[in-house]
Amino acid sequence: MKKIIFTMIVALFAMTTVSAQEVGNWAVGPKIGIYTNTSTIFSIGAIGRYSFTDNWRVEPGIAVLCKKGCSVDINADVQYLFQVADAWNVYPLAGVSVNDIGGWSCGINLGGGADFSVADRWDITAGIKWMIQTAKHHPNPIIISLGATYKF
């Protein structure tokens, strides 16, 4: 099962990388997060974004949790953008995730966020996400994140 999930995520990354040649539809950047209600864990990672229409985009990402015995989260979220102002977008999100917190588990992501354009090709992004996961002895984390993306 682990190999199947990992293969699907690698395929998602490969599909979005192939599409990176379309100008204005691809963005990459760093992202930090705080996992609340799980004894407050800090994470650092990277995201990629691919907009397949003006309003819909997919955001695969990976985060390393800075805790004893280090853990990894791999996510793929779909977002629908609402343009609030020229430089502001807000979005709800839904997606899937896998992680190795106390053994491998998978889950569903629900949340939302906002993007603010600070330069022609740079955005600052902030969001909140609830990871509903299959881990038996760990609470479902709520993740508050902050990041930046460079648009190609």
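The rules behind the values
Residues numbered from 1 in each chain as written. Predicted model: local features only at pLDDT ≥ 70, side-chain atom pairs only at ≥ 80, totals over all residues. Heavy atoms only, no water. Phe/Tyr/Trp six-rings, centres within 6.5 Å; stacked < 30°, edge-to-face > 60°. Helix = DSSP H or I, 4+ residues; strand = E, 2+ residues; numbered from the N terminus. Salt bridge = Lys/Arg side-chain N within 4 Å of Asp/Glu carboxyl O. Buried < 20%, exposed > 50% of the residue type's maximum accessible area, 1.4 Å probe, protein only.

Caption draft 1: Geometry of the packing of aromatic side chains. Per the counting criterion, the structure on display carries 6 aromatic pairs. For the pair Trp 26 and Tyr 50, a centre-to-centre distance of 6.5 Å together with 45° between the ring planes defines the contact as tilted. Here Trp 26 is found in strand S1 (residues 26–36), whereas its partner Tyr 50 is found in strand S2 (residues 41–51), with 24 residues between them in sequence. Look at Tyr 150 and Phe 152: their rings are 5.2 Å apart centre to centre, the planes differ by 85°, and that puts the pair in the edge-to-face class. Chaining the aromatic ring pairs together yields one cluster made of Trp 56, Tyr 80 and Phe 82.

Caption draft 2: Inspection of the pattern of salt bridges at higher detail. Within the structure shown, the criterion is met by 6 salt bridges. Here Asp 77 makes a salt bridge to Lys 129, at a shortest N to O gap of 2.9 Å. With Asp 77 in strand S4 (residues 71–80) and Lys 129 in strand S8 (residues 122–133), the pair connects residues that are 52 residues apart, well separated along the chain. Each of the two residues, Asp 77 as well as Lys 129, counts as buried. Where Lys 151 meets Asp 123, a salt bridge forms, and the shortest distance between an N and an O atom there is 3.2 Å. Placement of Lys 151 in strand S9 (residues 142–151) and of Asp 123 in strand S8 is noted, with a sequence separation of 28 residues between them. On the accessibility criterion, Lys 151 (22% relative accessible area) is partly exposed. Linked through salt bridges whose partners overlap, the residues forming this network are Lys 31, Arg 49, Arg 57, Glu 59 and Asp 115.

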